[in-house]
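Structural overview
One letter stands for each residue in the lines below.
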Amino acid sequence: MLETYFADLFWLFVAFGAGAILGTFTGLIPGFHVNNVALIAVSLTPIAVGIGLPLDLVAGMIVSCGTVHTFLNYIPSALVGAPDDNMALALLPGHRMLVTGQAAQGVAYSARGSQMGMIMAIPLLIVARLLFGDNPGLNWFEGSRDILPWLLLSISTFLLMTETTRLPWPTFLQKITSWMRVPLPRPIRVSIPIFAFRYEREWNAIDLRLGSSSRKAGIFVALAFFLLSGMYGWAVFELPARSPVGMPSATLLMPSLAGLFGIANLIDIYVTTSEMPKQEPNWELPPMKPLAVPTFLSAIVSSVMAILPGMTAAQATVVVMSIRNITGRLRDPNFVPADFEYSPSSRDMSPEEMLAERRRLFMEEVGGPVDEEEAIETNDMEADLDEEDIEVSVSEDEEMTDFEALIALAQETPENFDEIEEVNKQDLEVIAVLSSVNTSVTVMVLGFLYMVGRPRSGAALALNMIYPIDIWGTLEPPSDFVRLVAITIFAGLFSVPVMIKLSKGMLKLHELIPLRTMVLSVILFVSGLVWFSTGFIGLGVLVIGTLMGLMPPRIGIRRSHGMGIILVPIMIYTFGQQFDSFGFI
């Protein structure tokens, strides 16, 4: 009995160690996902069993590899600029930390975020079991299968509606609708208190004009890119994939994601950045208390995202940060929302336009009046003024000039206010939330595999193919599941110091090798990996994905809308199952 116990413990640590080493490589190598290791493990399983290795070893190795990967994949995302799909949103805040010399602090926050995500997700496994499982449980999973396409559509719509970029409508539409403004005989005022925030709106006219700075235009463009990515994804899933060197389980999804979220970002970095500043050695992990609420919310959202096919940590992060911005605004009217999206369209403004836009935002912040006619004449960015939500809290007899408003705002600003420090705080919170979501989703996917028997990732699919899954059908979890959760915890504890050490080495590498040389080397490496795994068809998919990935930052929308490559085909398939009884789809 004791020998059996020590034998199981020995294989447990072997699985953890082997998976940790593989997870370190997959986390550091751009484009080489844990799914690749999992699929290779599936093909080698008969050989492993033939030489006497237990299946527990292979299963534990896959779980350990996946956990370590979620910690370390921040490094190539922020320090190199080659993320996988889960860490795509880390590019902007991570790159800002790098170019301001605070990359070490970003790594520390990412490590703490992943660590807290794992800690928060494990207790939520019990809650998820009671909600989605059966006997005992509410068995929400079976009920959610009928509404799955509607859930995906609702979440996709929410992600699109949270796009904040303002874009101009086509010039001919602006000219056609230029007369569509009808003054009202008397203003209509609405004032609604919402917690500490008061929503105040005043209409002086019915304005249907399509202007040169419209948030609805930004949403429309984001929708178009989302659908374009979906059509691209549909073609990717239909094309044949074959490795010229015989690599198993070739898939064109890897080169498509590498192009959309990896090579495109590397090209942007190669063009815009030549060298890195000296980095501050601030490697101390941040305290847990300030991150407790956002990471707990991340774990809750991850538990929902983990059961939905096609949803990744990128989408979960947008949901978490959007909720954070909305609730923060409701609690505090002066709340500054976090910039978690890549929106460089403002860099294309002229100095006069940037000044006018900043002045308008200042006026809204202090509650000063915004004159529609003056805004249209001086800036041509307010033609759709009544189309957007604008807060007005000062009556006509309290009018102040722009200069007076700026003076008032300056007087109210604390002397110790540091705008750069405030931006860094927001970036660090985004990094921590994204890392937390990334790890939480991995833990919850493992849990749902044992709760409902449905894999929601490539690693979980491989685990389901090679390992007999004992469904968690009672109050007591299966022993195999407990063993894999223990491996997850060990892997998480192991990953934090390893992540710090490897990041130090990566920053030293930045000092030795010019940034552009390193970026070019990564592009060539990823391209070679794509050829080895999918051949010339994969290279063609990579090129098209890269061209599409270059579009969002130049338009000004979030790159995460590119996840339509997975979501749109899944929604077409699930809606087709429900409504296409004749088999047209």
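Residues numbered from 1 in each chain as written. Predicted model: local features only at pLDDT ≥ 70, side-chain atom pairs only at ≥ 80, totals over all residues. Heavy atoms only, no water.

The helix and strand tally for the chain stands at 22 helices and two strands. Here the chain holds 585 residues, and 50% of them are scored as buried. Counting contacts in the chain only where the partners sit at least 6 residues apart, residues at least 24 apart contribute 81% of the total. Per element, the accessible surface of the chain, about 27,800 Å² overall, is 66% carbon and sulfur. (Helix = DSSP H or I, 4+ residues; strand = E, 2+ residues; numbered from the N terminus. Buried < 20%, exposed > 50% of the residue type's maximum accessible area, 1.4 Å probe, protein only. Contact = heavy atoms within 4.5 Å. Areas by Shrake-Rupley, 256 points an atom, 1.4 Å probe, with all protein chains shown as cover.)

Before going further, it helps to spend a moment on unusual backbone geometry. Backbone geometry at Asn 139 places phi at a positive 55°, although glycine is not the residue there. Along the chain, Asn 139 turns up in the loop between α6 (103-132) and α7 (140-146).

Now for the confidence of the model for the chain. The share of residues in the chain with pLDDT of 70 or more is 76%, and the mean pLDDT across the chain is 77. Under a pLDDT of 50 for its full length, residues 341-403 has, in the predicted model, 101 contacts with residues more than four places off or in other chains. (pLDDT = per-residue confidence, 0-100.)

Our focus in this paragraph is the pattern of salt bridges. Applying the stated criterion across every chain yields a total of five salt bridges. Among the ionic pairs, Arg 483 bridges to Asp 56, the shortest N-O distance being 3.9 Å. With Arg 483 in helix α19 (residues 479-512) and Asp 56 in helix α3 (residues 55-72), this pair connects stretches of sequence that are 427 residues apart. According to the relative accessible area criterion, Arg 483 is partly exposed, its value standing at 23%. Note that Arg 483 and Asp 480 form a salt bridge whose closest N and O atoms lie 2.7 Å from each other. Of this pair, Arg 483 and Asp 480 both sit in helix α19, separated by three residues, roughly a single helical turn. The buried category is assigned to Asp 480, whose relative accessible area is 18%. Beyond isolated ion pairs, a larger network of salt bridges with shared partners links Asp 56, Asp 480 and Arg 483. (Salt bridge = Lys/Arg side-chain N within 4 Å of Asp/Glu carboxyl O.)

Take empty space enclosed by the protein next. With the rule as written, the count across this model stands at three cavities of 30 Å³ or more. Estimated volume of the second largest cavity: approximately 80 Å³. For the second largest cavity, the full set of lining residues is Ser 156, Leu 159, Leu 160, Phe 226, Gln 315, Val 318, Arg 558, Ser 560, His 561, Met 563, Gly 564 and Leu 567. Elements with a minimum of two residues in the lining of the second largest cavity: α8 (148-161), α13 (313-331) and α22 (564-579). Looking at the lining of the second largest cavity element by element, the count peaks at three residues for α8. Each residue belonging to the lining of the second largest cavity can be placed in one class, and the counts come to six nonpolar, five polar and one charged. (1 Å grid on protein atoms, 1.4 Å probe; cavity = no way out; pocket = protein on both sides within 12 Å on 5 of 7 lines; lining within 4 Å. Points joined across faces, edges and corners; volume = space filled by probe spheres on them. Nonpolar A, V, L, I, M, F, W, Y, C, P; charged D, E, K, R; others polar.)

This brings us to helix α11 (residues 253-272). Given 3.6 residues per helical turn, the α-helix brings residues three or four places apart onto the same face. With 20 residues, α11 should cover 28 Å at 1.5 Å per step; its first-to-last C-alpha distance of 28 Å lies within 8% of that length. Taken as a whole, α11 carries its principal kink of about 45° at Gly 259. Of all 20 residues in α11, 15 are buried; the element is thus mostly enclosed. (Expected span 1.5 Å × (residues − 1). Bend = angle between axes of the 7 residues up to and from the residue.)

Counting 110 residues, the largest nonpolar core has Ile 62, Leu 79, Phe 448, Leu 463 and Leu 484 as its most contacted members. With 16 residues, helix α17 (residues 419-452) is the largest single contributor of residues to this core. Counting residues in hydrophobic clusters, the runner-up holds 13 residues, among them Ile 263, Ile 269, Val 522 and Val 530. (Core = buried A, V, L, I, M, F, W, Y, C linked by side-chain atoms within 4.5 Å.)

Turning to its location among the elements, Ser 64 is positioned in helix α3. A polar contact of 2.9 Å, which involves the side chain of Ser 64, links it to the backbone oxygen of Phe 16. In this structure, Ser 64 is in contact with Ala 15, Phe 16, Gly 19, Ala 20, Ile 487 and Ala 491, ignoring residues within four places of it in sequence. (Polar contact = N/O pair within 3.5 Å; in protein donor to acceptor, adjacent residues only side chain to side chain.)

Residues Ile 147, Trp 150, Leu 151, Leu 153 and Phe 579 make up a contiguous nonpolar surface patch of about 460 Å² in total accessible area. The element best represented in the nonpolar patch is α8, accounting for three residues. Within the secondary structure, Leu 151 is located in helix α8. (Patch = residues over 30% accessible without salt bridge, like charges linked within 9 Å, V, L, I, M, F, W, Y side chains within 5 Å.)

Our next topic: the packing of helix α10 (residues 215-238) against α22. The interhelical angle for the contact between α10 and α22, taken along N-to-C directions, is 75°, at an axis separation of 7 Å. Taken together, α10 and α22 sit at an angle that is classed as roughly perpendicular. Contact residues: α10 offers Phe 226, Ser 229, Gly 230, Met 231, Tyr 232, Gly 233, Trp 234 and Phe 237, while α22 offers Gly 564, Ile 565, Leu 567, Val 568, Pro 569, Met 571 and Ile 572. Across the contact of α10 with α22, the residue classes break down as 11 nonpolar, four polar and no charged. (Axes fitted to C-alpha atoms, helices over the stretch in contact; angles between N-to-C directions. Parallel < 35°, antiparallel > 145°, perpendicular 65-115°, else oblique.)

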